[in-house]
Amino acid sequence: MDDVAWTRTEMLGPEAPPASAVGIVGWMRANLFSTWLNVILTVAALGAIWLLASHIVPFFAHSVWNASSYSECREIVARTWGEGASGACLAVIRERWKQFFFGFYPADYYWRPTLAFILMFVALAPVLFSSLPRKMLWFSAIFPGVAYWLLWGGSIFFPIAIYLGFVAGYVAFRVAERGPSFLPPLAAAVVTIVWWLFIAGPLANLLPDIGLPAVQSKQFGGFMLSMTIGVTGIAFSLPLGVLLALGRRSDMLFVKWISVGFIEFIRGVPLITLLLVASFLLNIFMPPGTNFDIILRVIIMVTLFAAAYMAEVIRGGLAALPRGQYEGADSLGLNYWQATRLVIMPQALKISIPGIVNTFIGLFKDTTLVAIIGLLDPVGLITSIRANSAWNGIVWELYGFVGFMFFICCFGMSRYSQYLERRLRTDRH
Amino acid sequence: MADTHPVDASDLEPVDKSALKVSDQVAIEIIDMNKWYGQFHVLRDINLTVRRGERIVIAGPSGSGKSTLIRCINRLEEHQKGKIIVDGVELTSDLKNIDKVRSEVGMVFQHFNLFPHLTILENCTLAPIWVRKVPKKEAEETAMHYLRKVKIPEQALKYPGQLSGGQQQRVAIARSLCMKPRIMLFDEPTSALDPEMIKEVLDTMIELAEEGMTMLCVTHEMGFAQAVANRVIFMDQGQIVEQNEPREFFNNPRNERTKLFLSQILGH
Ligand SMILES: Nc1ncnc2c1ncn2[C@@H]1O[C@H](COP(=O)(O)OP(=O)(O)OP(=O)(O)O)[C@@H](O)[C@H]1O
Ligand SMILES: [Mg+2]
């Protein structure tokens, strides 16, 4: 039985893979035509693509940019491409694009929302990309105040007074730090809210009225309105959601009950009812004469709504963390807030990225619901444009345009989240 | 006990135990301590005094309460009756005291519990920076010092997920040491490791013992106990059943349960 023992005397060198396994042909063979079923599916898919393209391509190829009404559009298409040909009437977008972007914002001040939009990217950049200098985060922190001031105008001292509320809250936090661990955040929250409600307004009124001409909320509209509501909602729903998720897991029964009650109530109610409450009912409860801005009310409702979902998404991330992470942090002597901020949350948020971005995207698209309470976001504008006799009957072009713009934003968020997941992966490199 | 891989005392670096001093100072004092999980009485009348510089190995069958006992010492678990005094600080529900004790007591877990989102270096500097308020640069120097000591300074910038189990456990030890603890607790530090990695972790622990660290160690590595410990404690059903210095403990066990346990764990 000496053929059982065998040793290799020479090691094999690497060889190039066979031609059928590489290149475009290899790829097609492997992915599109590997089995008969695959062949059938490939052919069927190509057929479906062809069918769609044969309708969509001519629609856009025949599009009309210069016309002043829908009927004129159709005449031009019929004249140029023959009776019965379809063609997009993009003239409506050419005519109304300013409205789509700025609503009824005074045309002289278009630079203000535009500048705010550009600065938004400057503010977002250090948040989104950790390779940028951390000092840029200071701008991110003051950006909300700057954006508010640019959009609504008024005295510069109003946003400053609001910001001082955070300073007051921070001071309260430091002062209360000597007390038990629940006290600092509580003191900070109470002081900040009291400052905003009772001190910020009078303080700003005392100081001279230096600033930009004010613009009314009812002049807001179009994508600018969607962006304002969506971005603010996104920015505030995440921290609020984190707090609610922590509250729901808290040992303090009172905190826990409030969090659970809030989350379950808000999740159990359709957003549209919250918006209707914001638009009609809140004024009944407010003291007569107070003017609580409608956009602010909507932002609050949208934020609360998204925060409830966010809290549940983040709770999922927290639940997925092994108990050893809490114990590791505890055993090193980190206190609750340090452990949460440095060890628990970074990991829980990372696990929750897909769910968080899902909630962001949902929130951003839900901003179109404000059309129902009479705000002229892009969808609200479509209704009003179609009510105009010149554009009566036009459907595809308007909804397609608005849908396309929303798609760009949402797809961008989705791609970013995938980039972030890749970058935060630390298990293999 | 299927997951234990006893390492022979002869495999480990020889320790001159007489050179290891035990002082008269008390590091940990546990008096009539009892703990329940709901109705279940896990720890019953535990009395234990650990002096500074002592190296205690805690052994016992699965479920006997070994982990629970050492987790009570840094209050990862709460006891319901009796007293635990660590370094003169009594553990009560006072959070400030708990954080103080935890920052003085290092703990090494069976599953390492490194923070996977931080690099090895960041794992080691996190607590010194935030709890001890050490400047970042100084914390990094200390961390590198201890990483060199556990023989993996070259891994400092990697993430825990990229290291082998034995390396991760050594990082976990270094991470605890960076807080300059006066007491170290080990809960089965080698039982999640492959046999060839056990020795590297045990060697690190032996070095620590030689430097006079007060150590409480739950382990099934009887070779380690023989080489390093100056006292072995045997637990069963939530009670301390027997304690003795290692030679006596292994050669002349007195309690029937101890005899049974030793015959199972040593009699291959
Ligand atoms: N959180 C808990 N709730 C209820 N019972 C628990 C809990 N943790 C542990 N126990 C029980 O307490 C007993 C002691 O557990 P402990 O983990 O201290 O045992 P051990 O001696 O460390 O065992 P092992 O060698 O398996 O690690 C076991 O019966 C266990 O089932
Ligand atoms: Mg255990």
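Above this note sits the structure.
So, here's what we can say about the structure. (Residues numbered from 1 in each chain as written. Chains lettered and ligands numbered in written order. Predicted model: local features only at pLDDT ≥ 70, side-chain atom pairs only at ≥ 80, totals over all residues. Heavy atoms only, no water.)

### Points about the overall build of chain B
Piece 1. Helices and strands together make up the secondary structure of chain B, namely nine helices and 10 strands.
Piece 2. The C-alpha atoms of chain B give 18 Å as radius of gyration, which agrees with the globular expectation for 268 residues (18 Å, within 12%).
Piece 3. Once the C-alpha set of chain B is aligned to its principal axes, its extents read approximately 55 × 45 × 35 Å.
Piece 4. Residues counted as buried form 56% of the 268 residues belonging to chain B.
Piece 5. Taking as baseline every contact in chain B between residues at least 6 positions apart, the subset at least 24 positions apart corresponds to 70%.
Piece 6. As presented, chain B carries roughly 11,500 Å² of accessible surface, and 48% of it is formed by carbon and sulfur atoms.
Piece 7. Charged side chains of chain B number 33 positive and 37 negative; the gap between the two group centres comes to 5 Å. (Helix = DSSP H or I, 4+ residues; strand = E, 2+ residues; numbered from the N terminus. Rg over C-alpha atoms; globule rule 2.2 N^0.38 Å. Buried < 20%, exposed > 50% of the residue type's maximum accessible area, 1.4 Å probe, protein only. Contact = heavy atoms within 4.5 Å. Areas by Shrake-Rupley, 256 points an atom, 1.4 Å probe, with all protein chains shown as cover. Lys, Arg positive; Asp, Glu negative; His and termini not counted. Charge placed at Lys NZ, Arg CZ, Asp CG, Glu CD.)

### Observations regarding the sheet that holds strand 2 (residues 40-51) of chain B
Residue and element names in this part refer to chain B.
Piece 1. The strand order across the open sheet formed by four strands is 2-1-4-5, and the pairing between neighbours is antiparallel. Looking along the sheet, the strands with just one partner apiece sit at the ends: strand 2 and strand 5 (89-90).
Piece 2. The sheet contact formed by strand 1 (residues 26-37) and strand 4 (residues 81-86) spans five bridges and is antiparallel. The residue of strand 4 that forms the bridge with Ile 31 is Lys 83. (Pairing = 2+ DSSP bridges.)

### Digging into the state of the cysteines
Piece 1. Applying the stated criterion to the full structure yields one disulfide over all chains.
Piece 2. Put simply, A:Cys73 and A:Cys89 are joined by a disulfide, and their sulfur atoms are 1.9 Å apart. An S-S torsion of about 70 degrees defines the bridge between A:Cys73 and A:Cys89 as right-handed. In this pair, A:Cys73 sits in helix 3 (residues 70-81) while A:Cys89 sits in the loop between helix 3 and helix 4 (91-102), placing the two residues 16 residues apart along the sequence.
Piece 3. What makes A:Cys73 buried here is its relative accessible area of 2%.
Piece 4. On the basis of relative accessible area, A:Cys89 is assigned to the buried category, the value being 1%.
Piece 5. B:Cys178 takes part in no disulfide bond, and the closest cysteine sulfur to it belongs to B:Cys124, at a distance of 4.5 Å. (Disulfide = S-S within 2.5 Å.)

### Quick look at the pattern of salt bridges
Piece 1. Tallied over the entire structure, the rule returns 25 salt bridges over all chains.
Piece 2. Among the salt bridges present, the one from B:Lys149 reaches B:Glu211, with a minimum N-O distance of 2.4 Å. On the criterion of sequence distance, the pair formed by B:Lys149 in helix 4 (residues 136-149) and B:Glu211 in the loop between helix 6 (195-210) and strand 8 (214-218) is long-range, its members being 62 residues apart.
Piece 3. Between B:Asp236 and B:Arg257 there is a salt bridge whose closest N-O contact spans 2.9 Å. In this pair, B:Asp236 is assigned in strand 9 (residues 231-236) and B:Arg257 in helix 9 (residues 256-266), connecting sequence segments 21 residues apart.
Piece 4. Shared partners join several salt bridges into a network, and the residues in it are A:Arg248, A:Glu264, A:Arg267, A:Glu312 and A:Arg315. (Salt bridge = Lys/Arg side-chain N within 4 Å of Asp/Glu carboxyl O.)

### Some points on the pairing of strand 3 (residues 55-59) of chain B
Residue and element names in this part refer to chain B.
Piece 1. Most of strand 3 sits out of view: five of its five residues are buried.
Piece 2. Side chains Arg 55, Val 57 and Ala 59 project from strand 3 onto one buried face, and the interleaved Ile 56 and Ile 58 project onto a second face that is buried too.
Piece 3. By the bridge criterion, four bridges tie strand 3 to strand 8 in an arrangement that is parallel. The residue of strand 8 that forms the bridge with Ile 58 is Val 218.
Piece 4. In this sheet, strand 9 lies alongside strand 3 in parallel orientation, the contact comprising four bridges. Counterpart to Ile 58 in the pairing with strand 9 is Ile 233.

### Topic: the packing of helix 15 (residues 378-387) of chain A against helix 16 (residues 396-423) of chain A
Residue and element names in this part refer to chain A.
Piece 1. As a packed pair, helix 15 and helix 16 sit with axes 10 Å apart at the nearest point and diverge in direction by 170 degrees. Considered as vectors, helix 15 and helix 16 are oriented roughly antiparallel to each other. Classified by chirality, the crossing of helix 16 by helix 15 is right-handed. Each of Pro 378, Val 379, Ile 382, Ile 385 and Arg 386 in helix 15 lies in contact with helix 16, whose residues at this interface are Leu 398, Tyr 399, Val 402 and Phe 406.
Piece 2. Taken together, the residues of the contact of helix 15 with helix 16 break down into eight nonpolar, no polar and one charged. (Axes fitted to C-alpha atoms, helices over the stretch in contact; angles between N-to-C directions. Parallel < 35°, antiparallel > 145°, perpendicular 65-115°, else oblique. Left-handed = near helix turned anticlockwise from the far one by under 90°. Nonpolar A, V, L, I, M, F, W, Y, C, P; charged D, E, K, R; others polar.)

### Describing the interface of chain B and chain A
Piece 1. With 28 residues of chain B at the interface, the matching set in chain A holds 25 residues.
Piece 2. The closest approach of N and O atoms between B:Arg71 and A:Glu327, which form a salt bridge, is 2.6 Å.
Piece 3. On the surface where chain B and chain A come into contact, there are six residue pairs in polar contact (both at pLDDT 80 or more).
Piece 4. Sorting the residues of the side of chain B that touches chain A by element identifies helix 2 (95-104), strand 6 (105-108), helix 3 (120-130) and helix 5 (165-177) of chain B as the ones contributing at least two each.
Piece 5. With five residues, helix 2 of chain B is the single largest residue contributor to the side of chain B that touches chain A. (Polar contact = N/O pair within 3.5 Å; in protein donor to acceptor, adjacent residues only side chain to side chain.)

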